[in-house]
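# A look at the structure
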Amino acid sequence: MHSIYDLVVQRNPGEDEFHQAVREVLDSLGPVVARHPEYADARVIERICEPERQIIFRVPWVDDSGRVEIHRGFRVEFNSALGPYKGGLRFHPSVYLGIVKFLGFEQVFKNALTGMPIGGAKGGADFDPKGRSDGEVMRFCQSFMTELYRHIGEYTDVPAGDIGVGGREIGYLFGQYKRITNRYESGVLTGKGTGWGGSAVRKEATGYGTAFFVREMLRQRGESLDGRRVVVSGSGNVAIYAIEKVHEMGGTVVACSDSAGYVVDEAGIDLELLKQLKEVERARISEYAERRPGASYVAGGSIWDVPCHVALPCATENELDDAAARTLVRQGCVVVAEGANMPTTPAGVATFVDAGVLFAPGKAANAGGVATSALEMQQNASRDSWTHDHAETRLAEIMAGIHERCAAAADDYGRPGDYVLGANIAGFVRVADAMLAMGVV
């Protein structure tokens, strides 16, 4: 595995996040290759680490002052062995090829774990929609789609949203795709509005799915979320709906955050106030403490200093390092589930695993979003629309299935309870077997 990793680093210089994601998967695959030498003979691992297609393009547009802006767009179509490429678009200043490849690589295994017929991809641009007018966001999305449209389709590549790409952006992107192609191809994008081809529960799916996965892990031990003290990092879409579902399951979320700091509310986060601030006013989390008696705000610092039984990192990659992990363990944390993509550093993961903390990696715990996107594709293909209850029931079933696959793989390879190993092996084997069946393509 070391030689494969060295080759990945050599072929992809400077892409640290991608290197980290590859290393994390490769570290689990030694026993698999020993049992299945056919994977090594066909060089399946090397092929999985190389994207099938990488697209980089210019995105020029005009802002409200008449100034020409130029950004860079990306779509990395990583692996289509299981179905059409599927993965989100991220609009954020940090986006560059290494971030997109890391996310796309993770997406391959995450999508495989759902059991749905979807491949893995990711895309985005180094554009920040924060502080931009609706007109500016629309013009950017239209320019972005003017190039992207030629690379996507319901049988080819189906993007969705991610950081910076919500319902507003998906609407503008879909409108431009429809305008250019003269086709109402609902299945080309997911995360659409429920009135025009979207699925119920899509907005809530990633956060809900993370909570469902935690429920399954605790259920294995005969325990539940009832009465548990929970900390959730972030206050965006994933965090908000993880908080909502945790509260429904009897847990109490006492802290959440944004990029400037975090709030602590011992009575439990007031979800309606949080939604008003973040979904309506797009305000900072500091205003929560100003409006909520008994809540306190801490500028900067680490939200992981707040004692809890369950920690749900739902903000961004590498937000939870080894020092924070040690603090959580010392203060009695027993479950960590990644609502974001790779939010825990490798050293942090090792600390949790060594301490016997139930740790769910993002490719398993946050797969609810893409699972519901696949359900949206099903509804689009059949010209159907499901009720909220039916869609949520299907999501809960899929997350239980993901948990079962991870747990079974960990047991099969002699590491019961190791969800990192289980998720990596279960996802890899499903993709690898499909690749072997299709030959060297």
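Refer to the structure above for everything that follows.
Now for a look at the structure at hand. As the structure is a computational prediction, the values presented were derived from the model and not from experiment.

### Notes on the overall build of the chain
Secondary structure assignment for the chain yields 18 helices and twelve strands. Against the 2.2 N^0.38 benchmark of 22 Å for 441 residues, the chain shows a C-alpha radius of gyration of 21 Å, consistent with a compact globule. With the C-alpha coordinates aligned to their principal axes, the bounding extent of the chain is approximately 60 × 55 × 45 Å. Burial statistics for the chain: of 441 residues in total, 58% are counted as buried. Sequence separation of 24 or more characterises 72% of the internal contacts of the chain that already satisfy a separation of 6 or more. Roughly 17,100 Å² of accessible area belongs to the chain as shown, and the carbon and sulfur atoms make up 49% of that amount. Side-chain charges of the chain comprise 46 positive and 58 negative groups, with the mean position of each set lying 4 Å from the other.

### Regarding helix H9 (residues 205-220)
Note on helix geometry: an α-helix contains 3.6 residues per turn, so any two residues three or four positions apart are oriented the same way. With 16 residues, H9 extends 22 Å from end C-alpha to end C-alpha; this agrees with the ideal 22 Å at 1.5 Å per step. Burial analysis of H9 places 13 of its 16 residues in the buried class, the great majority of the element. At the exit of H9 stands Gly222, carrying a positive phi of roughly 75°.

### Comments concerning the pairing of strand E10 (residues 310-313)
Side chains of E10 alternate between two faces, with Val310 and Leu312 and Ala311 and Pro313 buried alike. Relative to E10, strand E6 (residues 229-233) runs parallel, the two being bridged by four bridges. In the strand pairing of E10, Val230 is matched with Val310. Two strands pair when backbone bridges link them, and E10 and strand E11 (residues 335-337) are joined in this way by two bridges, in the parallel orientation. Residue pairing for E11: Ala311 is matched across the bridge by Val336.

### A closer look at the sheet that holds E6
Taken in spatial order, the seven strands line up as E9-E8-E7-E6-E10-E11-E12 in an open sheet, and their pairing is mixed. Strands at the two margins of the open sheet, each flanked by one partner only, are strand E9 (296-299) and strand E12 (358-360). For this sheet, the mean angle separating the axes of adjacent strands, direction not counted, is 15°. Bridge analysis of E6 against strand E7 (residues 252-258) gives three bridges, and the strand direction is parallel.

### What to know about the state of the cysteines
Chemically, a disulfide is nothing more than a covalent bond linking the sulfur atoms of two cysteines. A complete count under the given rule lists zero disulfides for this structure. The thiol of Cys314 is not disulfide-bonded; the next cysteine sulfur, from Cys256, is found 10 Å away. Of all cysteine sulfurs, the one in Cys314 lies closest to Cys406, which takes part in no disulfide; the gap is 17 Å. Since its relative accessible area comes to 0%, Cys406 is described here as buried.

### A word on the environment of Gly227
Among the structural elements, Gly227 can be located in the loop between H9 and E6. You can call Gly227 exposed: its relative accessible area is 59%. Taking the C-alpha atoms as reference points, Gly227 and Pro51, separated by 176 residues in sequence, lie 45 Å from one another. Each residue touching Gly227, except ones within four places of it in the same chain, is listed here: Gly250, Gly251 and His309.

### Side note on the sheet that holds strand E3 (residues 85-91)
The strand order across the open sheet built from five strands is E1-E2-E4-E3-E5, with neighbouring strands paired in mixed fashion. Taken across any chain shown, the strands that pair with only one partner, and hence form the sheet edges, are strand E1 (53-62) and strand E5 (157-161). Adjacent strand axes in the sheet meet at a mean angle of 20° when their direction is disregarded. Judged from the ten bridges that link them, E1 and strand E2 (residues 68-79) form a sheet pairing that is antiparallel. Across the sheet, Ile55 pairs through a bridge with Arg75, a residue of E2.

### Some remarks on the packing of H9 against helix H17 (residues 388-412)
The N-to-C vectors of H9 and H17 enclose an angle of 50°; their axes lie 9 Å apart at closest approach. By the angle class used here, H9 and H17 are oblique. The two elements H9 and H17 meet at a crossing, and its hand is right-handed. Here H9 contributes Ala205, Tyr208, Gly209, Phe212, Phe213, Arg215, Glu216, Met217 and Gln220 to the contact with H17, which in turn contributes Glu392, Leu395, Ala396, Met399, Ala400, Ile402, His403 and Ala407. Partitioning the contact of H9 with H17 into residue classes produces eleven nonpolar, three polar and three charged.

### Looking at the nonpolar core
Formed by 106 residues in total, the largest nonpolar core has its most connected members in Phe105, Phe213, Val214, Met217, Leu312, Ile402 and Phe428. Setting aside anything within four residues of it in sequence, one finds Phe213 in contact with Ala360, Ala364, Ala365, Met399, Ile402, His403 and Tyr419. In this structure, Ile55, Cys141, Phe174 and Leu189 belong to the second largest nonpolar core, which totals 22 residues.

Conventions and cut-offs
- Residues numbered from 1 in each chain as written.
- Predicted model: local features only at pLDDT ≥ 70, side-chain atom pairs only at ≥ 80, totals over all residues.
- Heavy atoms only, no water.
- Helix = DSSP H or I, 4+ residues; strand = E, 2+ residues; numbered from the N terminus.
- Rg over C-alpha atoms; globule rule 2.2 N^0.38 Å.
- Buried < 20%, exposed > 50% of the residue type's maximum accessible area, 1.4 Å probe, protein only.
- Contact = heavy atoms within 4.5 Å.
- Areas by Shrake-Rupley, 256 points an atom, 1.4 Å probe, with all protein chains shown as cover.
- Lys, Arg positive; Asp, Glu negative; His and termini not counted.
- Charge placed at Lys NZ, Arg CZ, Asp CG, Glu CD.
- Expected span 1.5 Å × (residues − 1).
- Pairing = 2+ DSSP bridges.
- Axes fitted to C-alpha atoms, helices over the stretch in contact; angles between N-to-C directions.
- Disulfide = S-S within 2.5 Å.
- Parallel < 35°, antiparallel > 145°, perpendicular 65-115°, else oblique.
- Left-handed = near helix turned anticlockwise from the far one by under 90°.
- Nonpolar A, V, L, I, M, F, W, Y, C, P; charged D, E, K, R; others polar.
- Core = buried A, V, L, I, M, F, W, Y, C linked by side-chain atoms within 4.5 Å.

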